[in-house]
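If you want the building blocks of each chain, they are given just below.
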Amino acid sequence: MQTVYNADSIVDAQIAKDALEASGIPAFIAGAALIGGMGQLPARGFIRVMVPDIAIPEARRILGEVFPDPPAAAHARRDAGMFDPTGFKPA
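**Concerning the environment of E21**
Relative to the elements of secondary structure, E21 occurs in helix α1 (residues 10-22). C-alpha of E21 to C-alpha of V51: the two residues are 30 residues apart in sequence and 9.9 Å apart in space.

Structure representation (structure tokens):
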């Protein structure tokens, strides 16, 4: 299994997981149990949505539709050479 989405919250992770499973892709939320131990600290990057290796291309396509980037953010990331885990490609 590999990570296809790094969630900001458990809610985002659950939305991603539900969208993937609705399309027939098994998904797993990793790091959800770590949330309770953080208290009120602004921690990020612990919650990830993972899918089987064979489902990665389709999962990225689905998540790109579910979580489209605002055009300015997508262009800024592209210009900075940053990888987008959802596979979203700006025009």
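So much for the structure itself; the text now carries on.
**So, the side chain of K17**
Relative to the helices and strands, K17 is located in helix α1. If sequence neighbours within four positions are ignored, K17 has contacts with A27 and I29.

**Side note on the nonpolar core**
Grouped together as the largest cluster of nonpolar side chains are 19 residues, with contacts concentrated most on V4, Y5, L20, I25, V49, V51 and L63. Looking at this core, the elements with two or more residues in it are β1 (2-7), α1, β3 (47-51) and α2 (56-66).

**Describing the packing of α1 against α2**
Where α1 contacts α2, the two axes come as close as 10 Å, and the packing angle between them is 125°. Considering their axes alone, α1 and α2 lie oblique with respect to each other. Considering the relative orientation of α1 and α2, their crossing is right-handed. On the side of α1, the interface is formed by I15, A16, A19 and L20, while α2 contributes A59, I62, L63 and V66. A breakdown of the residues in the contact of α1 with α2 according to their chemical character gives 8 nonpolar, no polar and no charged.

Cut-offs and rules
Residues numbered from 1 in each chain as written. Predicted model: local features only at pLDDT ≥ 70, side-chain atom pairs only at ≥ 80, totals over all residues. Heavy atoms only, no water. Helix = DSSP H or I, 4+ residues; strand = E, 2+ residues; numbered from the N terminus. Contact = heavy atoms within 4.5 Å. Core = buried A, V, L, I, M, F, W, Y, C linked by side-chain atoms within 4.5 Å. Buried < 20%, exposed > 50% of the residue type's maximum accessible area, 1.4 Å probe, protein only. Axes fitted to C-alpha atoms, helices over the stretch in contact; angles between N-to-C directions. Parallel < 35°, antiparallel > 145°, perpendicular 65-115°, else oblique. Left-handed = near helix turned anticlockwise from the far one by under 90°. Nonpolar A, V, L, I, M, F, W, Y, C, P; charged D, E, K, R; others polar.

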